[in-house]
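Survey of secondary and tertiary structure
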Amino acid sequence: MSQPVDKIGNWLALPVVAALTALCLAPLLILFVYSFFQVDFVTILHEPTFANYAKVAGSETYRGLIARAFGSALLVVGITAIIGYPVAWFIAKRVVAAKSTFLTLLLVPLYSGDLVRIFAWRVLLGAEGAVNRSLMWLGVTDTPFGGLLFSPLATHIALTYNYLPFMVIGLWLAFESLDDAWTEAAADLGAPAVDRFRRVTLPLTLPGLIAGGLMVFVMVAGDYLTPQLLGGASGITIISAVNDLFGTAFDWPLGSAIAWTMLAILMLCFGVGALAIRRSSFISEGT
Amino acid sequence: MDRRNFFKTAMASVALGALFPASRAFADTDILWMTWENLAKDDYLSPFLSTSDVSLTKTFIGTDDEQFAKLRAGGASSVDLITPGLDKVEFYTASDLLQPIDFDKVPNAALLYDTFKKTPLGKVDGETYGIPFYWGINPIVYRADLMDEEPDWSVFFEGDKYDGKLAMRDYALEGIMIAAMYLGIPEEEMFDLDDAQLAEVKKVLMIQKSKLRTYWNSIGDLTNLFATGEVVCAFSWVPPYYDLRAKGIDMGMAKPKEGVIGWCDTIAVPKGVTGDRLDATFELVNYLLGPEYGKKLAVGGPYAQSTSAARDMLSAEEQEKIFINDLSVMDNFVWKKNPPRYNEWVALWNEVKAS
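Residues numbered from 1 in each chain as written. Chains lettered and ligands numbered in written order. Predicted model: local features only at pLDDT ≥ 70, side-chain atom pairs only at ≥ 80, totals over all residues.

Below, the discussion takes up the sheet that holds strand S11 (residues 251-254) of chain B. Residues and elements named next belong to chain B. Reading across from one edge, S9-S8-S10-S7-S11 is the order of the five strands in this open sheet, with mixed pairing throughout. The open sheet is flanked by strand S9 (212-216) and S11, the only strands paired with a single partner. Strand-to-strand twist across the sheet, computed as the mean angle between neighbouring axes with direction ignored, equals 20°. As paired elements, strand S8 (residues 166-169) and strand S10 (residues 233-235) share two bridges and run parallel to each other. Within S10, the residue paired with Ala167 across the bridge is Ala234. (Pairing = 2+ DSSP bridges. Helix = DSSP H or I, 4+ residues; strand = E, 2+ residues; numbered from the N terminus. Axes fitted to C-alpha atoms, helices over the stretch in contact; angles between N-to-C directions.)

As structure tokens, then:
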């Protein structure tokens, strides 16, 4: 009886698969093909070459911008993990009645939109912003501290704020699945708190940490609005460089090659993350 | 109502409904204009639409590049009129997307200012493909209350008094033009810089970067930065000057003697437009270059039309606002052109920003 039902299910899934293929994969494949072409003014020359990838590898600017994007992403993953870990533990293990309220509060900033959050940070960090006024009122400084806004510091503060909820949600799910009996058993066997965390809690919540970390990593690496609006003269990102190539320079092939280089690195990160989740003790204990 | 009468009434309604769009089709030719939102306000266009048999659909662009990308990706067949920059028309003609302007159908084009009649931009083999439409300048705008004297381009490259208080538009073409003007490179060479000149330009742009608060991407954002005092001086568009003066801030506008960047947008007709739609499009083009639209644009913009059609209808103050009280101001303009090595310019600009 189940075979015909399965077949119907497969047929029903076909439009969704077709739509996903057309809307997600096809544009990426087109970009991939373009990345091997060349451009002459506004004419795309359909003569396959690796020249664009060689240009990306040979350019200190593009290499540096790609490294900067992934460096920033790693930094923000680290900061959100450190802040998010105790927050997720608190919501999962200590909050009982108001759990949904805490989770909703965590997500509220996401409803306000990127630009609103960015401009809110400008109001806080600007020369006449709340932070500078407080510092002057406290007598810490006589003149506004200009380095707060339009700096890598401002960019990373805002990126951490923007993407922290994604890390917390991943970790919260992991903590919800964590059976307290494991840590209680470790305590009963005399394991000190540090060892209980290092050898029980951390390995069992690792999949949540990796899943949250990957989400944050991808979003930070692809965010160009926050660095552009808060990073000042140093706010260029690899994504804004790609935007320049697709827009003003009409160099779609080089832009495609950079986009695919980024995508390949991201896929590699995802592969490593997936492998780590598969090998984590959480999964092996559960099976 | 019995069933037979109901059936008759329903049939009659269907017949009338079918006839109605046909009668509209005879009355109006609908054309689609791809343009900037500030050029297609209902108030600007209502005199034309109320007296002609043309109805208009508007679709707005955010950047010139976006407009080109849309047409290049196959959108030309559905658009009747576009608004490319004078320096960008070359992109469209090289892609074979435009048709020449039929001047017999655009009598107001006879009133184009001489600069626009003579410009080689927007033309191929003597045929005009992008007819100059409206123009302006991109000057230096500054907080007169926070600066001691009127700045020139050197403020972005010399001294340290305003370090960390300056802003530059994030646009390779204009950024490199300004560096070239500062270096004294003549206009004839400006858009065809050799390797040595590009190296010089890069050197001064690195100095400039160290002085900037930020590169701006939206004029609304720059206006906010002026208002909050984060930025005291920027290579800008004109609107922050008028907007902030209206709010009581003492703003200044400088037009450096080394040269001022002039811009001009054109109106151009895609290749596939024919028949009634083409006639209707040229009818609209003629209106856009005429006195009624010109006056509304000058007062509402404030922007200057490329023809003198509305000039005498404007007060001296209105003329001054759009720089047409003394047309010799154009002598100092450097009109934007598309550099042959523009990809290298963009790469250089990104190298500076990433340094």
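Our next topic: the domain arrangement of chain B. Residue and element names in this part refer to chain B. Domain annotation for chain B reports domain 1 (3-135 + 264-324) and domain 2 (140-254 + 335-354). For domain 1 versus domain 2, the separation of C-alpha centres amounts to 32 Å. Taken together, the seven residues of domain 1 in the interface contact four residues of domain 2. Here the side of domain 1 that touches domain 2 is composed, by residue class, of three nonpolar, one polar and three charged. (Domains from an automatic or database assignment. Contact = placed C-beta atoms within 7 Å. Nonpolar A, V, L, I, M, F, W, Y, C, P; charged D, E, K, R; others polar.)

Moving on to the pairing of S9 of chain B. For a regular strand, side chains alternate in direction, first toward one face of the sheet and then toward the other. Residue and element names in this part refer to chain B. For S9, a buried count of five out of five residues is recorded, marking the element as mostly surrounded by other parts of the structure. Taken together, the four bridges between S8 and S9 define a ladder with parallel strand orientation. Its bridge partner being in S9, Leu166 is matched across the sheet by Leu212. (Buried ≥ 20, exposed ≤ 12 C-beta atoms within 10 Å, placed from the backbone.)

Residue and element names in this part refer to chain B. Pairing within the open sheet is mixed, and its four strands lie in the order S14-S6-S12-S15. Each edge of the open sheet is held by one strand with a lone partner, namely strand S14 (304-305) and strand S15 (333-335). Taken together, the seven bridges between strand S6 (residues 131-138) and strand S12 (residues 260-267) define a ladder with antiparallel strand orientation. Paired with Gly136 across the strands is Trp263, a residue of S12.

Right, let's get into the interface of chain A and chain B. One frequently used descriptor of interface size is the decrease in accessible area upon assembly of the parts. Counting from both sides, the interface comprises 22 residues of chain A and, opposite them, 23 residues of chain B. Elements with a contribution of two residues or more to the side of chain A that touches chain B: helix H3 (60-94) and helix H11 (238-246) of chain A. Class assignment of the residues belonging to the side of chain A that touches chain B gives a composition of 10 nonpolar, nine polar and three charged.

For the rest of this paragraph, the subject is the confidence of the model for chain B. Residue and element names in this part refer to chain B. Looking at chain B, the pLDDT average stands at 90 and 92% of residues meet or exceed 70. Considering only residues more than four positions removed or in separate chains, one finds that residues 9-26, a stretch of pLDDT under 50, has zero contacts. Predicted complex metrics record ipTM = 0.83 and pTM = 0.84. (pLDDT = per-residue confidence, 0-100.)

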